[in-house]
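Chain and residue survey
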Amino acid sequence: VSGNATAGYITFQNYPNELPVIDGTGRSGANIVTIRNRNYIKLIGFEIRNNLNVNFGAGIWVEGGCDRIELR
């Protein structure tokens, strides 16, 4: 999904005082989270871990025509 200038950001965020984990254990592929051709997205307060058994891989990969992506 994408947000836009009128409606605002699509936000994926932790609850206060919690640290959710996005864990790549058992997942095939190079990246755990891929954001492709999306706009107005915020990803806040997550731990990304266990991107294992890949020659090149990212916890979060942003590619294509993306604009206004916030990763914290």
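Before any of the text, the structure's been laid out above.
Note that this is a predicted model, so its numbers are computed, not measured. (Residues numbered from 1 in each chain as written. Predicted model: local features only at pLDDT ≥ 70, side-chain atom pairs only at ≥ 80, totals over all residues. Heavy atoms only, no water.)

1. So, the sheet that holds strand 1 (residues 10-13)
Taken in spatial order, the three strands line up as 1-4-7 in an open sheet, and their pairing is parallel. The open sheet terminates on both sides in strands that have one partner only, identified here as strand 1 and strand 7 (67-71). On average, adjacent strands in this sheet sit at an angle of 5° to one another, irrespective of strand direction. The pairing of strand 4 (residues 39-44) with strand 7 spans four bridges and is parallel. The residue bridging Lys42 from the neighbouring strand is Glu70, located in strand 7. (Pairing = 2+ DSSP bridges. Helix = DSSP H or I, 4+ residues; strand = E, 2+ residues; numbered from the N terminus. Axes fitted to C-alpha atoms, helices over the stretch in contact; angles between N-to-C directions.)

2. A closer look at the pattern of salt bridges
For the structure on display, the rule yields six salt bridges. Residues Arg49 and Asp23 are paired through a salt bridge, measuring 3.8 Å at the closest nitrogen-oxygen approach. Residue Arg49 is found in strand 5 (residues 47-49), and its partner Asp23 is found in strand 2 (residues 21-23); the two are separated by 26 residues along the sequence. Relative accessible area serves as the criterion here: at 37%, Arg49 is assigned to the partly exposed category. Using a relative accessible area of 35% as the deciding quantity, one classes Asp23 as partly exposed. Where Asp67 meets Arg68, a salt bridge forms, and the shortest distance between an N and an O atom there is 2.7 Å. (Salt bridge = Lys/Arg side-chain N within 4 Å of Asp/Glu carboxyl O. Buried < 20%, exposed > 50% of the residue type's maximum accessible area, 1.4 Å probe, protein only.)

3. Section: unusual backbone geometry
If you check the backbone angles, Asn37 has positive phi at about 55° while not being a glycine. With respect to the secondary-structure elements, Asn37 resides in the loop between strand 3 (33-36) and strand 4. In this structure, Tyr40 takes a positive phi of about 55° despite not being glycine. The residue Tyr40 is located in strand 4 in this model. Using a relative accessible area of 15% as the deciding quantity, one classes Tyr40 as buried.

4. Let's talk about the environment of Gly8
Take Gly8: it is sitting in the segment before strand 1. Not counting residues within four places of it along the chain, the set of residues in contact with Gly8 comprises Gly3 and Tyr40. (Contact = heavy atoms within 4.5 Å.)

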